[in-house]
Amino acid sequence: MAKSNSFKAGRHFLQIPGPTNLPDRVLRAMDRAIIDHRGPEFSEIAKRVLDRVKQIFKTKNPVIMYPGSGTGAWEAAIVNTLNPGDKVLMFETGQFSSLWWEIAEKFNIEVDFVSGDWRTGVDPKVVAQKLGDDKDHKIKAVFVVHNETSTGVASKIGEIRKAMDSVNHPALFMVDTISSLGSIDYKHDEWKVDVTVGGSQKGLLLPPGLSFNALSPKALEAHKQATMPKHYWDWLPMIENNKNGFFPFTPATNLVYGLDEAINMLLEEGLENVFTRHTRHAEATRIAVKAWGLEILCKNEDEYSNSLTAVLLPDGHDADNFRKIVLEDFDMSLGMGLNKVKGKVFRIGHLGDFNDLMLAGTLSGVEMGLKKAGIPYKAGGIMAALDFLAK
Ligand SMILES: *Cc1c(COP(=O)(O)O)cnc(C)c1O
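Residues numbered from 1 in each chain as written. Predicted model: local features only at pLDDT ≥ 70, side-chain atom pairs only at ≥ 80, totals over all residues. Heavy atoms only, no water.

Asker: Can you tell me about the sheet that holds strand 1 (residues 13-15), naming the residues and giving the values?
Answerer: Here five strands make up an open sheet; going across it, the order is 1-13-14-12-11 and the pairing mixed. Because the sheet does not close on itself, it has two edges, and the strands there are strand 1 and strand 11 (295-296). For strand 11 and strand 12 (residues 308-312), the ladder comprises two bridges, and the chain directions are antiparallel. By the bridge assignment, E295 is partnered in strand 12 with L312. (Pairing = 2+ DSSP bridges. Helix = DSSP H or I, 4+ residues; strand = E, 2+ residues; numbered from the N terminus.)

As structure tokens, then:
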């Protein structure tokens, strides 16, 4: 018999910061026959899911659910609220904020894109200053990525809201929570966010394929004035159809079953406990990284992401080579460095359906990989993390 080199026993460790590991309960919930998406059974499920998903965003306002990736929901936030030529404020926190900026540019939005170092979040003081200088209220919206998945930096959305209020500026507030929803606390209503963009595949315990826009009454007002062409992404036919548990086009039936179960799981654990679990795993990860003598990409401790950690390798060491070794030898996928930090960082995803022993396995894989790749590090990061977890 031929010896197979590609066979891997046991479970693959998917430790990229999304898509994430799926709970068996969600997989089983989706393993069901397709039903008529215009029939009474689906209508009941959809109404229930559309209602309960609001709890995850901490909102009482409508949440739109698209079959589509997060990128679509980014576009939807723009075409439903803005007009060509509108001025908006965006911040270069990393790859994902840069991609949202690119979409806005394509729709002829005039973007004041505040440059950044890919190691820090949005500074609320800069928001207050930019909006304070805008006496004629030309800036129609402020766009922020809550958790920059490319850098492991979380911006302080509540503080940014306060900065906007401090200068009484009426701009819409648009926030991307694709890698924070269901893992880092987020308050759509309390923070008066107008459009929250979400995706299924990061902290929401689901496969890729669903994305969200959580709305505010102000966002719906802006929709009335928005002349940007839109069809698939238009909120209004969605809201009309959703009232009866239907969609203007075919919904992703089985992902909706999955979301129903994912919401069950998040609420059974309790959202606050979910956030505490993520905080604890993130802290253990940072303890390991520091004990290894490696540098965390995120500069400010109060902006550390609790869903992923981006780790800088010493100069002259290629992070992609390190990731290749970890994948080949330990069957674990780590996140790559994107764009400006390509080859310089690797990212450890510690979000979603994740527990202490999965984290211990993940950190062990990283420490063994450091050794195999010949990267200078201090042994014992894994022990430091285990001591923390066992406290
Ligand atoms: C993953 C991600 C996206 C992109 O979502 P897609 O589903 O790949 O289109 C956008 N923003 C953030 C913060 C992300 O983490």
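Additional details are given in the paragraphs that follow.
Asker: Please set out helix 10 (residues 271-292) residue by residue, giving values where relevant.
Answerer: With 22 residues, helix 10 extends 32 Å between its outermost C-alpha atoms, agreeing within 8% with the 32 Å of an ideal straight helix rising 1.5 Å per residue. One or two positions beyond helix 10, positive phi appears at G293, with a value near 80°. (Expected span 1.5 Å × (residues − 1).)

Asker: How would you sum up the sheet that holds strand 2 (residues 63-67)? Please name residues and give values.
Answerer: If you walk across this open sheet you meet the seven strands as 2-10-9-8-5-3-4, and the pairing is mixed. With partners counted over all chains shown, the strands left at the sheet margins are strand 2 and strand 4 (110-114), one partner each. Neighbour-to-neighbour, the strand axes of this sheet turn through a mean angle of 20°, independent of strand direction. Here strand 3 (residues 87-91) pairs with strand 4 via five bridges, running parallel. Bridge pairing links L89 to D112 in strand 4. Relative to strand 8 (residues 172-176), helix 6 (residues 157-166) is tilted by about 165°, and along the sheet it contacts strand 5 (139-145) and strand 8. (Axes fitted to C-alpha atoms, helices over the stretch in contact; angles between N-to-C directions. Contact = heavy atoms within 4.5 Å.)

Asker: Now, about the site of the ligand: what can you tell me, with residues and values included?
Answerer: As a structural note, the neighbourhood of the ligand is formed by 13 residues, with S69, T71, T149, D176 and K202 the closest of them. At 2.6 Å, a side-chain N or O of D176 approaches a nitrogen atom of the ligand. Its free accessible area being 380 Å², the ligand has 88% of it covered by the protein chains. If one sorts the elements of the shell around the ligand by residue count, helix 3 (residues 70-79) sits on top with three residues. Here the shell around the ligand is composed, by residue class, of four nonpolar, seven polar and two charged. (Near = heavy atom within 4 Å. Polar contact = N/O pair within 3.5 Å; in protein donor to acceptor, adjacent residues only side chain to side chain. Areas by Shrake-Rupley, 256 points an atom, 1.4 Å probe, with all protein chains shown as cover. Nonpolar A, V, L, I, M, F, W, Y, C, P; charged D, E, K, R; others polar.)

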